[in-house]
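Chains, contacts and geometry: an overview
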Amino acid sequence: FFLSLISFPPVRPWGPTFSLALMEMATVQVSVTLMLLAALTFNMFQGSKSSSWWGRYLVYPATYMLAVQVGSQHMLPALVFGTLLRYVVNLVFTCLSKMDSFSEPVKIHRANPPAEQHERELDWDGPVILSPTAFVLVDLVTPWLRTTVPLSWTSVGVCFLAHYLVVEPIYYLFHLWLHKPAIYKASHVHHHSSVVTEAISGTSHPMLETLGYLANFSFSFLVPAWLGCFSTSLIPIYFTFFDIMNCIGHCNFEVVPRWLQAGPLKYFIYTSTYHSLHHSKYKYNYCLFCPIWDHLGGTVHSTAESLHEQVLTQKPRQLDAVFLAHGHGTHSMLHLPWLSPFLATHQHEQRWWMIPLQPLTFLWVLFCRYCLSTACVQRYQYRGTQCATWCLPVTGHFYFMKSHRQAISDMIVQAVKDADDAGVRYLGLAHLNKAEFINQGGKDLLPQLGDRKIRVVHGNTLTAAAVWQALREHTTLQDEIVFAGSTSKIGRALCILLSNRGNTVRMITGCEERFQKIKSEAGEGGKKLVRVQTYEEGVGCRAWILGKWMEPKKIQAMIPPGSLIIDFAVPHVSEDIAKDYRYVNGASLSYSLKETDITFCHDVPNTVPACLAAAIVHARENTQKHETGEVDVDEVEGWWEKATRHGFSLA
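Source: prediction; values computed, not measured. (Residues numbered from 1 in each chain as written. Predicted model: local features only at pLDDT ≥ 70, side-chain atom pairs only at ≥ 80, totals over all residues. Heavy atoms only, no water.)

Looking at the nonpolar core
Put simply, the rule reads: Note on terminology: a nonpolar core comprises buried Ala, Val, Leu, Ile, Met, Phe, Trp, Tyr and Cys residues joined through side-chain atoms within 4.5 Å. Think of it in three bands: with a 1.4 Å probe and only protein chains considered, a residue is buried below 20% of the maximum accessible area for its type, exposed above 50%, and partly exposed in between.
Core analysis: the largest hydrophobic core is formed by 59 residues, its most contacted members being Leu-462, Leu-471, Leu-589 and Phe-648. Counting 43 residues, the second largest nonpolar core, distinct from the first, contains Phe-160, Leu-222, Phe-241 and Cys-251.

This is the structure:
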């Protein structure tokens, strides 16, 4: 059906040389395509939770079909190139805004947008998608864009004069109208829900508002067309200019230097702080990119100039605690906020559209491993304590390749030293960054730090405390417990605690020596520790602790539905398996969203790893101690009290 729409030669309904039958067929084609475009446009603005929302990108092929049907192919190369440039511009600004070393010194709002904002603003490319459609529609109903000339300084000059003399004042008046209470509540509140803006926030609007903007911005092309100097090359030029300026106003870091605000320049070039004030003060700074209209209308905020100066001269925030993370699977490297702030707030998982991207993802993973260094993924505060998550550009599988371990170990040491040089007081180690085969739970790092003041924290004591708390809440003395991963540092502490409480523990382990050592450390309770070597020997028990990953099929085959599973393995049990059990993730802790602006999802949404929480607690209590090597069993219960005192709880 769709092929039939483009199987005829380019047709103009008004062409006098075509037969009536052919004209009727052409009219049907165009009408069907227009109805399809209308339906797709309405679908675009249904919100990202709509099951058909991703159909928004079908607007592109539908626009292509319409362009072929009405003979607008002369604009397609410029429209395709210009649209690609728009995506590149927005990605570059998004990336820069998330690069801490670049944006932190000139950050305007020193807080992260809430996670729900990222989901709401998935509609940001609506105007990008609809802009080519607008060009084709104008070409369908008018002859204005059919006469083109080669690009010249005259055509560029007229285009930008049209922007500053026509688009800017119309936008100013339209924007004032949008802030009338009834209109604001009906439409513009969607955009202003973002107080701490992202680079892409500037194009996130409801449908009618978006169409109004497109109509206004068209004058930058219509005026040159009316004056006989329209060139299709203006399309990528203006698209790029517009999106750069739009991103400058919304990226939440100051881009514009002082000298561009000297003298009369401040009337014609706005700053990042200038438009940021519009999102925080609402009734000021309405202009598009040219503040002269605010000056003429008396709507300039009094702090516009001083805030610009303040942001350009502020000092970076001093970090108290850093959590040193690493990648999981290859797909996790697509969840970095530099690439997608939205994905960064969601659990790292393989999505259907990532499958065809796997060759590129593989190259990206290799590029990260060999070309990038440790970087800050996100800064955040927790109850006023300044924290950050840094990430080694290494995915999990590299840790299990012996040829990479020394390089990874060196990267960890360098990251600790860099943190110390930056004044960080405590550095927490994520899962594999404290592996026994890497640095013995951080113990091997200490001799390499000399007299540096930074303290290294593996956080295993709090993880053990969280699992122990879950055990106290969900088990009794009579429960027999099967323990996978029982000889790890966390497992050792828990086995000693459980056996001393009186529980029989079936420790799944192939290492007799490690088992005997833990049994002797448990004292009298050691009698309750039983070594088993296979999962099958745990069949029948209804309480399991998973400290190492267990295949989903084995879980379903060996653990009866409804049994208790307390999990602190990485990766953890998936939701589709966990739903059949009394499942507790002991490695993830909940917190109040009101007490922090952390939005990066480390593992489970709206939680933090217990080892990250431990680094924060160390910083808040200023313990002045390293936490490496074996877990001190005597401190486990005390650490749970500390965690709850600082607002953490079981997920």
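So that's the structure; there's more coming.
Considerations on helix 11 (residues 219–226)
This is how the line gets drawn: A run of H or I in DSSP becomes a helix once it reaches four residues, and a run of E becomes a strand once it reaches two; helices and strands are each numbered from the N terminus. Should any heavy atoms of two residues lie within 4.5 Å, those residues are counted as being in contact.
In terms of residue burial, helix 11 counts as a mostly covered element, since 6 of its 8 residues are buried. Among the residues making up helix 11, those that are buried are Ser-220, Phe-221, Leu-222, Val-223, Pro-224 and Ala-225. Packed against the buried residues of helix 11 are helix 7 (126–141), helix 8 (153–178), helix 10 (207–217) and helix 12 (234–250).

Some words on the packing of aromatic side chains
Short version of the rule: Note on aromatic contacts: the rings of Phe and Tyr and the six-membered ring of Trp form a pair at centre separations within 6.5 Å, being stacked when their planes are under 30 degrees apart, edge-to-face when over 60 apart, and tilted otherwise.
Following the criterion strictly, the structure yields 27 aromatic pairs and no others. Relative to Phe-253, the ring of Phe-102 has its centre 5.6 Å away and its plane inclined at 85 degrees; by these criteria the two rings are edge-to-face. You can see Phe-102 sitting in helix 5 (residues 100–103) and its partner Phe-253 sitting in the loop between helix 12 and helix 13 (272–281), a full 151 residues away along the chain. Judged by relative accessible area, Phe-253 falls into the buried class, the value being 2%.

Quick look at the sheet that holds strand 10 (residues 564–567)
Test applied: Two strands qualify as a pair provided that DSSP identifies no fewer than 2 bridges between them. Axes, fitted as lines to C-alpha atoms, cover a helix only where it is in contact. Angles between the N-to-C directions of the axes lie from 0 to 180 degrees.
Read from one edge of the open sheet, 6 strands run 8-7-6-9-10-11, paired in parallel fashion. Whereas interior strands pair on both sides, the edge strands pair on one side only; in this sheet they are strand 8 (529–532) and strand 11 (582–585). Ignoring strand direction, the axes of neighbouring strands in this sheet form an average angle of 20 degrees. Sheet analysis places strand 9 (residues 543–546) next to strand 10, joined by 4 bridges and oriented parallel. Pairing of Ala-543 across the sheet is with Leu-564, part of strand 10. Relative to strand 10, helix 21 (residues 460–474) is tilted by about 165 degrees, and along the sheet it contacts strand 6 (481–484), strand 9, strand 10 and strand 11. Relative to the sheet, helix 22 (residues 489–501) contacts strand 6, strand 7 (505–508), strand 8 and strand 9, its axis offset from that of strand 6 by approximately 165 degrees.

Some words on the confidence of the model for the chain
Definition in use: For every residue, the predictor reports its confidence as pLDDT, a number between 0 and 100.
Predicted confidence across the chain gives a mean pLDDT of 94, with 96% of residues reaching 70 or more. Segment residues 1–15: pLDDT under 50, and 35 contacts once partners within four positions in sequence are set aside and those in other chains are kept.

Points about the packing of helix 4 (residues 76–98) against helix 7
Two packed helices can be described by the angle between their axes and the distance between those axes. The test is simple: An angle below 35 degrees is read as roughly parallel, one above 145 as roughly antiparallel, one from 65 to 115 as roughly perpendicular, and any other as oblique. In a left-handed crossing the near helix is turned counterclockwise from the far helix by less than a right angle, and in a right-handed crossing that turn is clockwise. Lys, Arg, Asp and Glu make up the charged group, whereas Ala, Val, Leu, Ile, Met, Phe, Trp, Tyr, Cys and Pro make up the nonpolar group; the residues left over, Gly among them, are polar.
At a closest axis distance of 10 Å, the pairing of helix 4 and helix 7 adopts a crossing angle of 165 degrees. As far as their axial angle goes, helix 7 and helix 4 are roughly antiparallel. In the packing of helix 4 onto helix 7, the handedness of the crossing is right-handed. From helix 4, Leu-79, Thr-83, Arg-86 and Tyr-87 reach across to helix 7, where they touch Pro-127, Val-128, Ile-129, Ser-131, Pro-132 and Phe-135. Here the residues of the contact of helix 4 with helix 7 are counted per class, giving 7 nonpolar, 2 polar and 1 charged.

What about the sheet that holds strand 12 (residues 588–590)?
Hydrogen bonds between backbone atoms are what pair the strands of a sheet, whose relative direction is either parallel or antiparallel. Taken together, the 3 strands give an open sheet; going across it, the order is 13-12-14, and neighbouring strands pair in antiparallel fashion. Of all strands in the sheet, those bounded by a partner on one side alone are strand 13 (607–609) and strand 14 (649–650). Pairing analysis gives 3 bridges linking strand 12 to strand 13, with the strands arranged antiparallel. Paired with Leu-589 across the two strands is Val-608, which belongs to strand 13.

Re the packing of helix 13 against helix 15 (residues 304–313)
Put simply, helix 13 and helix 15 touch, their axes get as near as 8 Å, and they point 120 degrees apart. Viewed along their axes, helix 13 and helix 15 adopt a mutual orientation that is oblique. Of the two elements, helix 13 crosses helix 15, and the hand of that crossing is right-handed. Residue-level contacts link Thr-273, Tyr-274 and Leu-277 of helix 13 to Ala-304, Leu-307, His-308 and Val-311 of helix 15.

Quick word on a nonpolar patch on the surface
How we decide: Patches here are clusters of residues that have more than 30% relative accessible area and form no salt bridge, with a 9 Å joining cutoff for like charges and a 5 Å cutoff for nonpolar side chains (Val, Leu, Ile, Met, Phe, Trp, Tyr). Using the Shrake-Rupley algorithm and a 1.4 Å probe, accessible areas are obtained, with residue cover drawn only from the displayed protein chains. A carboxyl oxygen of Asp or Glu within 4 Å of a side-chain nitrogen of Lys or Arg is what we treat as a salt bridge.
A surface patch of nonpolar side chains, about 400 Å² in accessible area, is lined by Leu-357, Leu-360, Phe-362 and Leu-363. Among the secondary structure elements, Phe-362 is positioned in helix 17 (residues 358–371).

Side note on the pattern of salt bridges
The final tally for this structure, using the stated rule, is 25 salt bridges. Between Arg-383 and Glu-595 there is a salt bridge, with the nearest N and O atoms lying 3.0 Å from each other. Remark: Glu-595 occurs in the loop between strand 12 and strand 13 and Arg-383 occurs in the loop between strand 2 (375–382) and strand 3 (385–392); sequence separation between them is 212 residues. Classification of Glu-595 as partly exposed rests on a relative accessible area of 24%. A salt bridge links Glu-480 to Arg-506, with the nearest nitrogen and oxygen atoms 2.5 Å apart. With Glu-480 in the loop between helix 21 and strand 6 and Arg-506 in strand 7, the pair connects residues that are 26 residues apart, well separated along the chain. Using a relative accessible area of 31% as the deciding quantity, one classes Glu-480 as partly exposed. Where salt bridges share partners, they join Asp-100, Glu-104, Arg-110, Arg-317 and Arg-379 into one cluster.

A word on unusual backbone geometry
The omega torsion across Val-570 and Pro-571 is 0 degrees, close enough to zero to call that bond cis. Position of Pro-571 relative to the elements: it lies in the loop between strand 10 and helix 25 (575–578). One non-glycine residue, Asn-252, lies in the positive phi region at around 65 degrees. Structurally, the position occupied by Asn-252 is in the loop between helix 12 and helix 13.

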